[in-house]
Amino acid sequence: MSGAARGDAPGGGRYGEAVFPPEQAGEGERIDFGALAYDDTTMARLRDLGVGPGWHCLDVGAGTGTVSRRLLEEAGVTSVLAVDRDVRFLTTRPVPGLDVLEADISVPDAVPGVFSLVHARFVLMHLPDRERLITALAELVAPGGVLVLSDAVDLTSDRTPGTPYSTVMRAMWQGLRTTIGTDVSWVPSYPHLLRGAGLDAVAAEIHVPPLLPGSPISRFWADTWERSRAAMLATGLVDDAAVDEAVRYLDSAECAALSAGMLTAWGWKPEEGP
Ligand SMILES: C[S@@+](CC[C@H](N)C(=O)[O-])C[C@H]1O[C@@H](n2cnc3c(N)ncnc32)[C@H](O)[C@@H]1O
């Protein structure tokens with residue numbers, strides 16, 4: 001196979017094709033609801049790591065570019081290269097210092113150069129061959145720079161109470177796994193994988209946004225279920241009525257559930273010796 005790597009889903013589907021096509025009306029808004037839920041946490045972590053003036057940054061799978069722009073406009077970094085397999089949301093609002101590259105990051109050598117910050121949020125969980133990709137991203141970090149990975153962690157267990165929310169979330173993860181290969185089960189291994197990629201001072205944290213009616217994270221999940229409804233129904237775990245009920249539950253005072261969290265892990269590239 002040449003060119004873009006296919007997914008490792010049983011059906012061989014890929015993010016942006018079988019599910020979440022960027023051309024579908026409202027896909028940019030769905031990504032923005034996720035960004036609204038998580039951007040402040042991401043930016044606080046990046047600032048705490050020292051990201052600021054003089055930094056050259058790479059934002060992998062940049063989506064609508066909220067983090068890329070905030071790096072430039074708030075953190076004052078020198079440059080950001082925002083890479084995505086589809087850049088339609090990135091090119092609509094140019095800002096000084098923002099460069100955009102349309103590329104598939106599963107393809108070796110898709111991104112030229114090295115960067116003081118390499119950041120990828122909610123991207124690797126959807127892609128096959130994660131260990132190779134983490135190694136490849138670590139190679140894009142300049143000596144003394146940092147690789148920061150964020151992805152979803154499923155905090156449910158077999159003791160999680162059965163609610164309309166938990167039933168539909170289970171169907172969503174299984175449906176995305178089958179359709180495009182999304183797999184969050186290995187996300188807690190990020191610190192270990194970053195260390196294995198040769199990075200130092202590795203650490204990680206988890207942020208769980210509260211599921212309040214009308215909150216960005218609640219609207220993000222409702223939108224995500226709508227867009228992955230066919231994949232969820234195909235699992236046989238839910239029917240249309242169950243998805244509709246979960247959407248209503250999420251927006252009601254009855255809702256008492258734990259969102260998937262965002263695990264952020266980082267590791268530093270050793271400085272080169274004398
Ligand atoms: C869930 S969105 C996350 C967007 C952004 N990082 C954020 O957190 O707001 C995933 C993004 O990864 C991009 N993406 C998926 N597979 C990719 C690939 N193989 N190469 C480059 N970008 C990819 C998608 O087009 C989409 O914009």
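Conventions we followed
- Residues numbered from 1 in each chain as written.
- Predicted model: local features only at pLDDT ≥ 70, side-chain atom pairs only at ≥ 80, totals over all residues.
- Near = placed C-beta within 6 Å.
- Helix = DSSP H or I, 4+ residues; strand = E, 2+ residues; numbered from the N terminus.
- Nonpolar A, V, L, I, M, F, W, Y, C, P; charged D, E, K, R; others polar.
- Buried ≥ 20, exposed ≤ 12 C-beta atoms within 10 Å, placed from the backbone.
- Pairing = 2+ DSSP bridges.
- Right-handed = clockwise from strand over helix to strand, strands pointing away.
- Axes fitted to C-alpha atoms, helices over the stretch in contact; angles between N-to-C directions.
- Parallel < 35°, antiparallel > 145°, perpendicular 65-115°, else oblique.
- Left-handed = near helix turned anticlockwise from the far one by under 90°.
- Contact = placed C-beta atoms within 7 Å.
- pLDDT = per-residue confidence, 0-100.
- Core = buried A, V, L, I, M, F, W, Y, C linked by C-beta atoms within 7 Å.
- Expected span 1.5 Å × (residues − 1).

(A) Structural detail: the site of the ligand. Looking at the ligand, there are 20 residues lining it, with Gly61, Gly63, Arg85, Arg121 and Phe122 nearest. Counting residues per element, the shell around the ligand draws most heavily on helix α1 (residues 27–48), which supplies three residues. Its residues assigned to classes, the shell around the ligand shows eight nonpolar, seven polar and five charged.

(B) The arrangement of unusual backbone geometry in detail. Positive phi values are uncommon outside glycine, yet aspartate 109 reaches one of about 60°. The topology assignment puts aspartate 109 in the loop between β3 (98–102) and β4 (115–121). Within the chain, phenylalanine 122 stands out as a residue other than glycine whose phi angle is a positive 55°. You can see phenylalanine 122 is positioned in the loop between β4 and α3 (130–139).

(C) Looking closely at the pairing of strand β7 (residues 261–268). The element β7 is largely enclosed, with a buried count of six among its eight residues. With eight bridges connecting them, strand β5 (residues 141–153) and β7 associate as antiparallel partners. The partner of aspartate 151 across the bridge, within β7, is leucine 263. Where strand β6 (residues 200–207) and β7 come together, six bridges link them in antiparallel fashion. When the bridges of β7 are listed, aspartate 200 appears paired with tryptophan 268.

(D) Looking closely at the pairing of β4. The buried count for β4 comes to seven of seven residues, which makes it a mostly enclosed element. As paired elements, strand β1 (residues 56–60) and β4 share four bridges and run parallel to each other. Bridge pairing links valine 60 to alanine 120 in β4. Of the pairings in the sheet, the one linking β4 to β5 comprises six bridges and is parallel in character. In the sheet register, alanine 120 faces β5, and the bridge partner there is leucine 149. Between the parallel elements β4 and β5, the chain passes through α3 in a crossover that is right-handed.

(E) Broad picture of the packing of α1 against helix α6 (residues 216–227). Between α1 and α6, the least distance of the axes is 8 Å, while the angle of their chain directions is 150°. Taken together, the axes of α1 and α6 lie roughly antiparallel to each other. Of the two possible hands of crossing, α1 and α6 adopt the one that is left-handed. Between α1 and α6, the residues in contact are Arg30, Phe33, Gly34, Leu36 and Ala37 and Pro216, Ile217, Arg219, Phe220, Asp223, Thr224 and Arg227, respectively. Residue composition of the contact of α1 with α6, by class: six nonpolar, two polar and four charged.

(F) Main features of the environment of aspartate 240. Inspection of the secondary structure puts aspartate 240 in helix α8 (residues 240–250). Owing to 10 C-beta atoms within 10 Å, aspartate 240 belongs among the exposed residues under this scheme. A C-alpha to C-alpha distance of 30 Å links aspartate 240 and phenylalanine 89, two positions 151 residues apart in sequence.

(G) Local environment of the confidence of the model for the protein chain. Counting all residues, the mean pLDDT for the protein chain is 93, and 95% of those residues have values of 70 or more. Residue range residues 1–6 is modelled with pLDDT below 50. Its contacts to residues more than four positions away, or to other chains, number eleven contacts.

(H) Region of interest: the nonpolar core. In this structure, Leu117, Leu147 and Val168 are the most contacted members of the largest nonpolar core, which totals 71 residues. Not counting residues within four places of it along the chain, the set of residues in contact with leucine 117 comprises Val51, Trp55, Cys57, Leu58, Gly145, Val146 and Val148.

(I) Inspection of the packing of α1 against helix α2 (residues 66–73) at higher detail. Relative orientation of the contacting elements α1 and α2 amounts to 40°, with a least axis distance of 10 Å. For the pair α1 and α2, the sense of crossing is right-handed. Between α1 and α2, the residues in contact are Asp32, Ala35, Asp39, Thr42 and Met43 and Thr66, Val67 and Arg70, respectively. Here the residues of the contact of α1 with α2 are counted per class, giving three nonpolar, two polar and three charged.

(J) Spotlight on α6. Taking 1.5 Å per residue as the helical rise, α6 with its twelve residues ought to reach 16 Å, and the 16 Å between its terminal C-alpha atoms agrees with that figure. Listed as buried for α6 are Ile217, Ser218, Arg219, Phe220, Trp221 and Trp225. Tucked inside the fold, the buried residues of α6 contact α1, α4 (164–180), α7 (229–234) and α8.

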